[in-house]
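Residue-level listing of the chains:
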Amino acid sequence: MSHSGDQNRGSFSSKFGVIAAAAGSAVGLGNIWKFPYITGEFGGGAFLFVYLGFIIAIGLPIMISELMIGRRGRQNAFGSFKVLAPNSKWRVTGLFGVVAAYLILSFYGVVAGWSLHYAVEALVGNLSDRTPQEFEVLFTSFIEKPVLPVLWQLLFMVITSVIVLLGVQKGIEKYSKILMPVLVIILVVLVVRSITLPGAGKGLEFLFKPDFSKFNMEGVLSALGHAFFSLSLGMGTLITYGSYINKKNNLGKTALQVTLADTIIALLAAMAIMPAVFAFDIAPGSGPGLVFMTLPNVFQQMPGGQFFSILFFVLLSVAALTSSISILEVIVAFFVEEFKLNRKVATLLAGITTAIVGVFCSLSMGILNFPAFIGKNLFDTLDFLASNVFLPLGGLLIALFVGWYYGKKKTLQELTSEGKYKVKFINSLMWSLKYIAPLAIFVVLIYGILENLETYLKVEILPW
Ligand code: PHE
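Residues numbered from 1 in each chain as written. Predicted model: local features only at pLDDT ≥ 70, side-chain atom pairs only at ≥ 80, totals over all residues. Heavy atoms only, no water.

1. Some points on the overall build of the protein chain
Then step 1. What the protein chain contains, in helices and strands, is 17 helices and zero strands.
Then step 2. For 464 residues, the compact-globule formula gives about 23 Å, and the C-alpha radius of gyration of the protein chain, at 21 Å, lands near that figure.
Then step 3. For the protein chain, the proportion of contacts with a sequence separation of at least 24, taken over those separated by at least 6, is 79%.
Then step 4. Of the roughly 17800 Å² of accessible surface on the protein chain, 68% is carried by carbon and sulfur atoms. (Helix = DSSP H or I, 4+ residues; strand = E, 2+ residues; numbered from the N terminus. Rg over C-alpha atoms; globule rule 2.2 N^0.38 Å. Contact = heavy atoms within 4.5 Å. Areas by Shrake-Rupley, 256 points an atom, 1.4 Å probe, with all protein chains shown as cover.)

2. Side note on the site of the ligand
Then step 1. Near the ligand lie 16 residues; those nearest to it are Ala26, Gly30, Tyr108, Phe229 and Ser232.
Then step 2. A distance of 3.1 Å is found between an oxygen atom of the ligand and a backbone nitrogen or oxygen belonging to Leu29.
Then step 3. Look at the ligand: alone it shows 330 Å² of surface, and the protein chains cover 100% of it.
Then step 4. Residues that form the shell around the ligand fall into these classes: seven nonpolar, nine polar and no charged. (Near = heavy atom within 4 Å. Polar contact = N/O pair within 3.5 Å; in protein donor to acceptor, adjacent residues only side chain to side chain. Nonpolar A, V, L, I, M, F, W, Y, C, P; charged D, E, K, R; others polar.)

3. Quick look at the pattern of salt bridges
Then step 1. On inspection of all chains with the given rule, the structure shows seven salt bridges.
Then step 2. Linking Lys247 and Glu414 is a salt bridge whose minimum nitrogen-to-oxygen distance equals 3.2 Å. Of this pair, Lys247 sits in the loop between helix 11 (237-242) and helix 12 (251-279) while Glu414 sits in helix 16 (residues 378-415), placing them 167 residues apart in sequence.
Then step 3. Look at Lys247 and you get partly exposed, because its relative accessible area is 37%.
Then step 4. A salt bridge links Arg343 to Glu329; the shortest N-O distance between them is 2.6 Å. Note that Arg343 is positioned in helix 15 (residues 343-363) and Glu329 in helix 14 (residues 305-339), a separation of 14 residues in sequence.
Then step 5. Taken together, the shared-partner salt bridges connect Arg71, Arg72, Lys247 and Glu414 into one network. (Salt bridge = Lys/Arg side-chain N within 4 Å of Asp/Glu carboxyl O. Buried < 20%, exposed > 50% of the residue type's maximum accessible area, 1.4 Å probe, protein only.)

4. Considerations on a positive patch on the surface
Then step 1. On the surface, a cluster of positive charge is contributed by Lys15, Lys248, Lys253 and Lys420.
Then step 2. Take Lys253: it is sitting in helix 12.
Then step 3. Residue Lys253 is classed as partly exposed on the basis of its relative accessible area, which comes to 46%. (Patch = residues over 30% accessible without salt bridge, like charges linked within 9 Å, V, L, I, M, F, W, Y side chains within 5 Å. Lys, Arg positive; Asp, Glu negative; His and termini not counted. Charge placed at Lys NZ, Arg CZ, Asp CG, Glu CD.)

5. A word on unusual backbone geometry
Then step 1. In this model, Arg74 sits at a positive phi of 55 degrees, which is unusual for a non-glycine residue.
Then step 2. As for its placement among the helices and strands, Arg74 is situated in the loop between helix 3 (45-73) and helix 4 (77-84).
Then step 3. The exposure class of Arg74 is buried, given its relative accessible area of 12%.
Then step 4. The phi dihedral of Lys340 is positive, around 55 degrees, even though this residue is not glycine.
Then step 5. Here Lys340 is to be found in the loop between helix 14 and helix 15.
Then step 6. Lys340 sits in the exposed class, given a relative accessible area of 67%.

6. Considering the side chain of Ser80
Then step 1. Among the structural elements, Ser80 can be located in helix 4.
Then step 2. When its relative accessible area of 0% is taken as the criterion, Ser80 is described as buried.
Then step 3. Within the local environment of Ser80, its side chain forms a polar contact with the backbone oxygen of Gln75, the two atoms lying 2.7 Å apart.
Then step 4. Not counting the four nearest positions on each side in its chain, Ser80 is found in contact with Ile69, Gly70, Gly73, Arg74, Gln75 and Ile239.

7. Things to note about the packing of aromatic side chains
Then step 1. A full pass over the atoms with the stated rule returns 38 aromatic pairs.
Then step 2. With a centroid separation of 6.1 Å and an interplanar angle of 55 degrees, the aromatic rings of Phe335 and Phe339 are classed as tilted. Of the two residues, Phe335 and Phe339 both sit in helix 14, four residues apart, roughly one turn of that helix.
Then step 3. Take Phe335: its relative accessible area is 11%, and that puts it in the buried class.
Then step 4. Against the face of Phe229 rests Lys34, its NZ or CZ located 4.3 Å from the ring centre. (Phe/Tyr/Trp six-rings, centres within 6.5 Å; stacked < 30°, edge-to-face > 60°. Lys NZ or Arg CZ within 6 Å of the ring centre and 35° of its normal.)

Given below as structure tokens:
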């Protein structure tokens, strides 16, 4: 089964399989559910602009680094650091990753559960003949319920765990390969319908015309956090996947393709949603419900709308699934390799524990809706801590590790596959990893967190 390295580890079987799996991890709820709503929250074009800057200057270099670390170390996120930097503290980076995986998977499963529920709602015809206001109520009253969303979340976690249990090739690779292309097609259809709605122009303007007056450091931090979240970076997902990639794969090219695919899909999602938000007079800052409240209006206005809405929510669930398995895999690979657990036990343990936290997350939308941390409920707390603290911090450590500790020579060796490929970008890569990424992350992290505190405590901490 494996092309190289240790015989007991899985590996991806083809170049397309690698890209499908890595892109499958990157493309998920982050692109379709989260990106449009945080773009809406932080004022549209300005957010988009800063986000794209972070993707190019920081995201891509860190993605290359993670794949490199994993393929070189041939271990889970924690173990790969042990191999590459024996007897050092760098392995803590891998531990941060495992914690981040817990935080993310807990709320991720909740939203994926919403998506499954909406697929069924579409199927039984519940998403038609409604006004935009009715769609809002439909969504908010659903997520506040104490039982139904929890059941969907648990079902989603069961599916995730079963696929992870099947292992790398049979589980992860196979499903990613088929379903990603279909998702792109349906998004394109949606964009076409959405931008031809009366009044859609305002949405496109909101999305593409930067207005920095409504933009603040919280927005910058969210853009940074989301660049990590969306590309699956900063917590060792791509270290873990990198460890399953064979030595002949051109990692730089793979990273570029995955980054492009992820960014294009996020843009398509925003272009499907924002014009409709304005056409149906929905507030762009409506938060996590934006996709669920907006798109049913669009489906209603297109021929074959019911068919498309079923397909959309099924594919959204699938996109979520190819991401959630990559998150669970980080924890499972860690348990298997570091605690010598068998894969079944490790998967069960990881699946059950994340599902339990997830239940509380779901309940925090309704009966347990109280502030857990700086005024945010549990759901928002986990999202904030994971995306805006743990992932950038993990990314910072990864950049410092490759830039300053591991160094150009060995990095080049791995990226060229021992001389097989030309890696012209090595100097810019090292520049970003040594200076740009660490500095930018450090400043944005500190400043962004302080500004969040200011908003919460209603005091002035920062001089400006
Ligand atoms: N990138 C995934 C998404 O956009 C989420 C994710 C984050 C997956 C971190 C793995 C690691 O939905």
